[in-house]
Amino acid sequence: SSAAAWQTIHGVAGIPMKIISHTSDELILESRPILGAVFLTLGALVIAFVGMKIMGAGNTGPGLAVLVIGLGVCLAIFWAFVRYEAIRFSRPDGIVQFRSRSLSGRTSEDIPLAAVTGAVIETSSVTTTSGSKGRGRSRKRQTRTYRAALTLSGQATATRPLTFYYTSNEAPSRLARDAITAWLAKGRS
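Note that the structure is predicted; figures quoted are calculated from it, not measured.

So, how was this worked out
Going along each chain's sequence as written, the residues are numbered from 1 onward. Residue-level local features of this predicted model are given only where pLDDT is at least 70; pairs of side-chain atoms are given and counted only at 80 or more, and the full residue set underlies all totals for whole chains, interfaces and linings. Side-chain numbers here rest on the full set of heavy atoms in the structure, without hydrogens or water. A run of DSSP states H or I qualifies as a helix once it reaches four residues; a run of E qualifies as a strand once it reaches two. Both are numbered from the N-terminal end. Should any heavy atoms of two residues lie within 4.5 Å, those residues are considered in contact. Strand pairing is assigned whenever DSSP detects at least two bridges linking the two strands. Structural elements are reduced to axes, namely lines fitted to C-alpha atoms, with helices fitted over the stretch in contact, and the angle between N-to-C directions of any two is expressed from 0 to 180 degrees. Here the expected span of a helix is defined as 1.5 Å times the quantity of residues minus one. Whether a residue is buried, partly exposed or exposed follows from its accessible area with a 1.4 Å probe, protein chains only, as a fraction of its type maximum: under 20%, in between, or over 50%, in that order. The patch calculation keeps residues exceeding 30% relative accessible area without a salt bridge and links them within 9 Å when they carry like charges or within 5 Å when they are nonpolar (Val, Leu, Ile, Met, Phe, Trp, Tyr). Values of accessible area rely on a 1.4 Å probe in the Shrake-Rupley scheme; residue burial ignores everything except the protein chains shown. Salt bridge criterion: a side-chain nitrogen from Lys or Arg within 4 Å of a carboxyl oxygen from Asp or Glu. To qualify as a nonpolar core, a set must consist of buried Ala, Val, Leu, Ile, Met, Phe, Trp, Tyr and Cys residues joined through side-chain atoms within 4.5 Å. Within a predicted model, pLDDT stands for the predictor's per-residue confidence, ranging from 0 to 100.

**Overview of the overall build of the protein**
In step 1: A tally of helices and strands in the protein yields three helices and nine strands.
In step 2: Each helix and strand of the protein, placed in order from N terminus to C terminus, yields the pattern β-β-β-α-α-β-β-β-β-β-β-α.
In step 3: In the protein, the proportion of contacts linking residues at least 24 apart, taken out of those at least 6 apart, comes to 48%.

Structure (structure tokens):
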């Protein structure tokens, strides 16, 4: 594993996806969202403290509302976005393995390495409208988001995204695409 093996590719909410191994036989990309999990846990503890303080002051209803709503939102965000992801490209095994763990369970998928023809960046556009607050015209703003994906041959679906989410920063997707493209090229030469 070279010094380039520790290059960071930022994923959702700044959670880093790191190149763990980059040898001629194997490429592993991994995301461990420890920092996001810690911040959500700290947020849940603060919400619990505030809710208990309100209840301790004799306001049971509002305190319970803070606890239920606040902790529910924290749990929903944790469930939806905090997930361990690993993608392993293996020449000896001839596969690309996708592994994911979250509160909702584990998933895994194996794709034959021979079916992978390359890597691309998928884009999505989101249009948002900001209100004028009574001062005339509202403004429309278009935001592009990005994610890296594998291109596949002989599949009903032509691409397989590396992550389920898009990010507003193209650089992480570009780094992932370039690392995969370079690794695949070494195996074909």
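**Things to note about the sheet that holds strand 8 (residues 139-152)**
In step 1: Read across the sheet, three strands follow the order 7-8-9 without closing on themselves; strand pairing throughout is antiparallel. Bordering the open sheet on either side are strand 7 (116-130) and strand 9 (159-161), each of which pairs with just one other strand. Averaged over all pairs of adjacent strands, the angle between their axes in this sheet comes to 40°, without regard to strand direction.
In step 2: Sheet analysis places strand 8 next to strand 9, joined by three bridges and oriented antiparallel.

**So, helix 1 (residues 34-56)**
In step 1: Look at helix 1: 32 Å from first C-alpha to last across 23 residues, which is about the 33 Å you get at 1.5 Å a residue.
In step 2: Along helix 1, the residues that are buried comprise Ala-37, Leu-40, Ala-44 and Gly-51.
In step 3: Looking at the packing, one finds that the buried side of helix 1 touches helix 2 (60-81).
In step 4: Positioned one or two residues after helix 1, Gly-58 has a phi angle of 95°, which is positive.

**Thoughts on the pairing of strand 5 (residues 95-102)**
In step 1: In terms of burial, strand 5 is a largely internal element, six of the eight residues being buried.
In step 2: One ladder, built from seven bridges, connects strand 4 (residues 84-90) with strand 5; its direction is antiparallel. Looking at the pairing, Ser-90 lines up with Ile-95 of strand 5.
In step 3: With antiparallel pairing between neighbouring strands as the criterion, strand 4 and strand 5 make up a hairpin whose turn holds four residues, including Gly-94 at a positive phi of roughly 70°.
In step 4: With eight bridges joining them, strand 5 and strand 6 (residues 105-112) adopt antiparallel strand pairing. Among the inter-strand pairings, Arg-99 is bridged to a residue of strand 6, identified as Ser-108.
In step 5: In sequence, strand 5 turns back onto strand 6 through a hairpin of two residues.

**Quick look at the environment of Ile-121**
In step 1: Looking at the secondary structure, you find Ile-121 in strand 7.
In step 2: Owing to a relative accessible area of 19%, Ile-121 belongs among the buried residues under this scheme.
In step 3: In this view, Ile-121 contacts Tyr-146, Arg-147, Glu-170, Ser-173, Arg-174 and Arg-177; residues no more than four positions away in its chain are not counted.

**Side note on a nonpolar patch on the surface**
In step 1: There is a patch of nonpolar side chains on the surface, built from Leu-64, Val-68, Ile-69, Val-73, Ile-77, Phe-81 and Phe-164 and spanning about 640 Å² of accessible area.
In step 2: Tracing the backbone through its elements, the reader meets Val-73 in helix 2.
In step 3: For Val-73, a relative accessible area of 45% puts it in the partly exposed group.

**Details of the nonpolar core**
In step 1: Among the nonpolar cores identified, the biggest contains 21 residues, and Phe-89, Val-96, Leu-150, Leu-162 and Ile-180 are the most heavily contacted of them.
In step 2: Within the residue set of this core, elements represented by two or more residues are strand 3 (26-31), strand 4, strand 5, strand 7, strand 8 and helix 3 (170-188).
In step 3: A total of five residues in this core trace back to one element, the largest contributor, which is helix 3.
In step 4: Look past the residues within four positions of Leu-150 in its chain and what remains in contact with it is Phe-89, Val-96, Phe-98, Val-116, Gly-118, Ala-119, Ala-158, Thr-159, Arg-160, Leu-162 and Ile-180.

**With respect to the confidence of the model for the protein**
For residues with low pLDDT, the predicted coordinates do not support detailed interpretation.
In step 1: Confidence in the prediction of the protein, expressed as mean pLDDT, is 84, and 86% of residues score 70 or more.
In step 2: Within the protein, strand 4 carries the highest mean pLDDT (93), whereas strand 1 (residues 8-10) carries the lowest (42).
In step 3: Note that residues 1-15 has pLDDT below 50 and, in this model, 38 contacts with residues that lie over four places away or in other chains.

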